[in-house]
Amino acid sequence: MKKNMYILGIESSCDETSASIVRNGVEEIATVIASQISVHKDYGGVVPEIASRQHVKKITLVLEECLKKADMKMKDIDAIAITYGPGLIGSLLVGLEAAKTLAFINGKPLIPVHHIAGHIYANSLVEELQFPLLALVVSGGHTEIIEMPEHYKFNKIGGTLDDAIGECYDKVARVIGLEYPGGPKVDKLAKEGEPTYKLPVPLKDDSYNFSFSGLKSAVINLAHHEEQIGRKIKQANLAASFQKVAVESVISKMRKAIIDKKAKTVIVAGGVAANQGLRKAMEKLAKELDVKLSIPPMKYCTDNAAMIAAAGYYAYLDGRRGDLTLNSKSTDVLK
Ligand code: KG4
Ligand code: ZN
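Since the structure is predicted, the reported quantities are computational estimates derived from the model, not experimental observations.

Caption draft 1: Structural context of the overall build of the chain. Helix and strand content of the chain: eleven helices and ten strands. Expected size for 335 residues packed as a compact globule is a radius of gyration near 20 Å; at 20 Å, the chain falls within 12% of this value. In terms of overall dimensions, the chain has a C-alpha envelope of 65 × 45 × 30 Å along the principal axes. Counting only residues that meet the buried cut, the chain has 56% of its 335 residues in that class. Summing over all exposed atoms, the chain offers an accessible surface of approximately 15000 Å²; the carbon and sulfur share of this is 52%. Of the charged side chains in the chain, 43 are positive and 39 negative, and the gap between their average positions amounts to 2 Å.

Okay, here's the thing in structure tokens:
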């Protein structure tokens, strides 16, 4: 085993084309992200076919730029980590083919990384992970609580029964009339309002599961009802009301999980980990239950290849390898 392993990570599962080089799963050397936000904005969301084409356009440039930024050549890279799934299949395939090609031409190991493992390992770029830990994964496609007894061992104890929290944020943003990507805008607006609208707290049961479709429908119905009776929605108040209930729902399940599992370390991961309301509420909960909490800085919350390269290092140590038959998967359980 080399003292220093430089992993080149590639991420293209949704609307960001990204490459990054990370040393030993902890130190980011260089990262390049080409975001497609401006391309999808006019459509109010990510258009899969357009996303794939954008990845094709950008992938080579992003890879070249990343190596240049790191002042490294492919010969300096020890392995290539790639998001094989889950995500948009056409988008995933672009990154995967690039990764396979680079691995094959340069004779480097190929490491398949699950996108959610990447989000979790974003925390490893900030501080050393301490096990056992509980990871709260909140993104556009996932809302899960995962137990990790040690590096690269994942045990899902709960998840959403329907929509992901980020998906719900984006939908609510649309109802309020905010532009894509709506999650961060709802978050910002929530700070300016008061939670005056009454919305149902979802799934108040004993499980570690979540449900967001009912809350989403409640916001849509409320907006329609106000419109029908000729009343103008107070946008900031609706954002604040929604955020309060969404965060409360996550916190109540996390409280139960931390107590039941006697967790000492908790991490938050995924795009919605950037949410100010959730960050504050998690900090308060961690203090109350006396657990160590780690939330990545904003730049590691949303999709990036540094998290994939970091996860790739630990996946490599776990013996995980891909070959030229490796395929992308639009859905896949983290294991
Ligand atoms: O992790 P990510 O970049 O992509 C997925 O893997 O899904 O997460 C994107 C999701 C989007 O739904 C976006 O609206 C949401 O994360 N998001 C937020 C915030 N920042 C990003 N949601 C609420 N508050 C935020 N500040
Ligand atoms: Zn993501």
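Caption draft 2: Examining helix α7 (residues 213-228) more closely. A rise of 1.5 Å per residue sets the reference length of α7, with its 16 residues, at 22 Å; its end C-alpha atoms lie 22 Å apart and thus fit the reference within 8%. Its buried side turned inward, α7 meets α5 (165-176) and α8 (235-261). Backbone geometry just downstream of α7 places Gly 230 in the positive-phi region, at approximately 75 degrees.

Caption draft 3: Seen up close, the coordination of the zinc ion (ligand 2). At the metal site, the zinc ion (ligand 2) is ligated by His 115 (NE2), His 119 (NE2) and Asp 303 (OD), and these contacts range over 2.0 to 2.1 Å. As a motif over one chain, the donors of the zinc ion (ligand 2) read H-x3-H-x183-D. Taken as a pair, His 119 in helix α4 (residues 115-121) and Asp 303 in the loop between α10 (298-301) and α11 (305-317) lie far apart in primary sequence, 184 residues in all.

Caption draft 4: Looking closely at the pattern of salt bridges. Scanning all chains against the criterion turns up 18 salt bridges. Among the salt bridges present, the one from Lys 253 reaches Asp 205, with a minimum N-O distance of 2.6 Å. With Lys 253 in helix α8 and Asp 205 in the loop between α6 (183-192) and α7, this residue pair connects regions lying 48 residues apart in the sequence. Several salt bridges share partner residues, and in doing so they unite Lys 153, Asp 318 and Arg 320 into one network.

Caption draft 5: Region of interest: the sheet that holds strand β6 (residues 133-138). Pairing is mixed in the open sheet, where five strands are placed in the order β8-β7-β6-β9-β10. Each end of this open sheet is capped by a strand with a single partner; those strands are β8 (155-159) and β10 (292-294). Within the sheet, the average angular offset between the axes of one strand and its neighbour, ignoring direction, is 20 degrees. This element, helix α9 (residues 276-289), spans β6, β9 (265-269) and β10 of the sheet and lies at about 165 degrees to β10.

Caption draft 6: Examining the layout of surface pockets more closely. Roughly 1300 Å³ of volume is contained in the largest pocket. Forming the walls of the largest pocket are 46 residues, and the residues nearest its centre are Cys 14, Ser 139, Gly 140, Gly 166 and Asp 170. Of all the secondary structure elements, the ones that give two or more residues to the lining of the largest pocket are α4, α5 and α6. Per-element tally for the lining of the largest pocket: the top contributor is α5, with seven residues. Split into classes, the residues belonging to the lining of the largest pocket amount to 15 nonpolar, 18 polar and 13 charged. Put simply, the second largest pocket is a space of about 260 Å³. Forming the boundary of the second largest pocket are 13 residues, of which Ala 190, Lys 191, Ala 240, Gln 243 and Gly 277 lie nearest the centre. Of all the secondary structure elements, the ones that give two or more residues to the lining of the second largest pocket are α6, α8 and α9. Looking at the lining of the second largest pocket, its residues break down into four nonpolar, four polar and five charged.

Caption draft 7: Summary view of the sheet that holds strand β3 (residues 27-35). Taken in spatial order, the five strands line up as β3-β2-β1-β4-β5 in an open sheet, and their pairing is mixed. Strands with a single pairing partner mark the edges of an open sheet, and in this sheet they are β3 and β5 (110-114). The sheet shows a mean angle of 20 degrees between the axes of neighbouring strands, direction not considered. Here helix α3 (residues 89-106) sits on the sheet in contact with β1 (6-11), β4 (79-85) and β5, set at roughly 155 degrees to β4.

Caption draft 8: Highlighting empty space enclosed by the protein. Counted by the stated rule, this structure contains one cavity of 30 Å³ or more. If you add up the space inside the largest cavity, you get close to 30 Å³. Lining the largest cavity are Glu 127, Glu 128, Leu 129, Gln 130, Thr 265, Ile 267, Lys 292 and Ser 294. Contributing elements (two or more residues each) for the lining of the largest cavity: β9 and β10. Partitioning the lining of the largest cavity into residue classes produces two nonpolar, three polar and three charged.

Caption draft 9: Local environment of the nonpolar core. One finds Leu 136, Ile 145, Phe 242, Met 254 and Met 282 to be the most contacted residues of the largest nonpolar core, which totals 53 residues. Elements supplying a minimum of two residues to this core: β6, α5, α6, α7, α8, β9 and α9. Counting residues per element, this core draws most heavily on α8, at 13 residues. Listed in part, the 35 residues of the second largest apolar core include Met 148, Ala 269, Ala 309 and Ala 310.

Caption draft 10: Region of interest: the site of ligand 1. Residues in contact with ligand 1 amount to 18 residues; listed here are only the nearest, His 119, Gly 140, Asp 170, Gly 271 and Asn 275. Taking His 119, its side chain carries an N or O atom lying 2.9 Å from an oxygen atom of ligand 1. Within the backbone of Gly 166, a nitrogen or oxygen atom sits 3.2 Å from an oxygen atom of ligand 1. Within the complex, the protein chains bury 87% of what would otherwise be the 550 Å² of accessible surface of ligand 1. Applying the majority rule of atoms within 2 Å of the grid points places ligand 1 in the largest pocket. Of all the secondary-structure elements, those providing two or more residues to the shell around ligand 1 are α4, α5 and α6. Class assignment for the residues of the shell around ligand 1 results in four nonpolar, eleven polar and three charged.

The rules behind each value
- Residues numbered from 1 in each chain as written.
- Chains lettered and ligands numbered in written order.
- Predicted model: local features only at pLDDT ≥ 70, side-chain atom pairs only at ≥ 80, totals over all residues.
- Heavy atoms only, no water.
- Helix = DSSP H or I, 4+ residues; strand = E, 2+ residues; numbered from the N terminus.
- Rg over C-alpha atoms; globule rule 2.2 N^0.38 Å.
- Buried < 20%, exposed > 50% of the residue type's maximum accessible area, 1.4 Å probe, protein only.
- Areas by Shrake-Rupley, 256 points an atom, 1.4 Å probe, with all protein chains shown as cover.
- Lys, Arg positive; Asp, Glu negative; His and termini not counted.
- Charge placed at Lys NZ, Arg CZ, Asp CG, Glu CD.
- Expected span 1.5 Å × (residues − 1).
- Contact = heavy atoms within 4.5 Å.
- Donors = N, O, S within 2.8 Å, 3.2 Å for Na, K, Ca; no water.
- Salt bridge = Lys/Arg side-chain N within 4 Å of Asp/Glu carboxyl O.
- Pairing = 2+ DSSP bridges.
- Axes fitted to C-alpha atoms, helices over the stretch in contact; angles between N-to-C directions.
- 1 Å grid on protein atoms, 1.4 Å probe; cavity = no way out; pocket = protein on both sides within 12 Å on 5 of 7 lines; lining within 4 Å.
- Points joined across faces, edges and corners; volume = space filled by probe spheres on them.
- Nonpolar A, V, L, I, M, F, W, Y, C, P; charged D, E, K, R; others polar.
- Core = buried A, V, L, I, M, F, W, Y, C linked by side-chain atoms within 4.5 Å.
- Near = heavy atom within 4 Å.
- Polar contact = N/O pair within 3.5 Å; in protein donor to acceptor, adjacent residues only side chain to side chain.
- Sits in = over half its atoms within 2 Å of the grid points.

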